[in-house]
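Close look at the chain arrangement
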Amino acid sequence: MWRAAPVLLLLAACTPPPVDPVRVAEICEDRARAAQGPTGSVTVGTNSRTGGFGGVQVGVSSDFLTGRDPLEVYTDCVFDRTGAEPIRPPVLR
């Protein structure tokens, strides 16, 4: 029995922490929003040191490219992370 104690401690240390379902819903909503279409931003500005500047950022998810339904993406994501169904419907655009 004495030799089993270190093994039990090691197994207890490997147990993953509980998952916060609200945080998982937020993460999966972001992924479902990305499946709705391309995302992006445009930055334009000026400053006194270097003058004008600008930038463009565009993102396209693989879920969007394959035509997956955003609600399916959300449900699958939540299930993969928690092992349970979503606690609430997603808030999408």
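Before any of the text, the structure's been laid out above.
Read on for an overview of the structure. Everything numeric here is computed off the predicted structure, so don't read it as measured data.

**Overview of the overall build of the protein chain**
Looking only at helices and strands, the protein chain features 4 helices and 2 strands. Along the chain direction, N to C, the helices and strands of the protein chain fall in the order α-α-β-β-α-α. The buried share of the protein chain, taken over its 93 residues, is 16%. Within the protein chain, residue pairs in contact and separated by at least 24 positions form 57% of the contacts whose partners lie at least 6 positions apart. Of the roughly 7100 Å² that the protein chain leaves accessible, carbon and sulfur atoms contribute 62%.

**Quick word on the nonpolar core**
In terms of nonpolar packing, the biggest core is built from 7 residues, these being Val-24, Ala-25, Cys-28, Ala-32, Tyr-74, Cys-77 and Val-78. For this core, the secondary-structure elements that each account for two or more residues are helix H2 (21-36) and helix H4 (70-82). When residues of this core are assigned to their parent elements, the largest contribution, 4 residues, is made by H2.

**Quick look at the pairing of strand S2 (residues 51-59)**
Taken across its 9 residues, S2 has 0 buried, putting it largely on the surface. As paired elements, strand S1 (residues 39-47) and S2 share 9 bridges and run antiparallel to each other. If you follow Val-42 over to S2, its bridge partner there is Val-56. Taking the residues between adjacent antiparallel strands as the criterion, S1 and S2 are bridged by 3 residues.

**With respect to the pattern of salt bridges**
Tallied over the entire structure, the rule returns 8 salt bridges. For Glu-26, the salt bridge is made with Arg-23, and the minimal N-O distance between the two is 3.3 Å. Pair noted here: Glu-26 and Arg-23 are both in helix H2, with a separation of 3 residues, about one helical turn. With relative accessibility at 33%, the residue Glu-26 sits in the partly exposed group. On the accessibility criterion, Arg-23 (45% relative accessible area) is partly exposed. Each of Arg-31, Asp-63, Arg-68, Glu-72 and Asp-76 takes part in a single network of salt bridges with overlapping partners.

**Describing the side chain of Glu-29**
Positionally, Glu-29 belongs in helix H2. For Glu-29, a relative accessible area of 5% gives the class buried. If near-sequence neighbours (up to four positions away) are discounted, Glu-29 is found in contact with Tyr-74, Arg-88, Pro-89, Pro-90, Val-91 and Leu-92.

About the cut-offs
- Residues numbered from 1 in each chain as written.
- Predicted model: local features only at pLDDT ≥ 70, side-chain atom pairs only at ≥ 80, totals over all residues.
- Heavy atoms only, no water.
- Helix = DSSP H or I, 4+ residues; strand = E, 2+ residues; numbered from the N terminus.
- Buried < 20%, exposed > 50% of the residue type's maximum accessible area, 1.4 Å probe, protein only.
- Contact = heavy atoms within 4.5 Å.
- Areas by Shrake-Rupley, 256 points an atom, 1.4 Å probe, with all protein chains shown as cover.
- Core = buried A, V, L, I, M, F, W, Y, C linked by side-chain atoms within 4.5 Å.
- Pairing = 2+ DSSP bridges.
- Salt bridge = Lys/Arg side-chain N within 4 Å of Asp/Glu carboxyl O.

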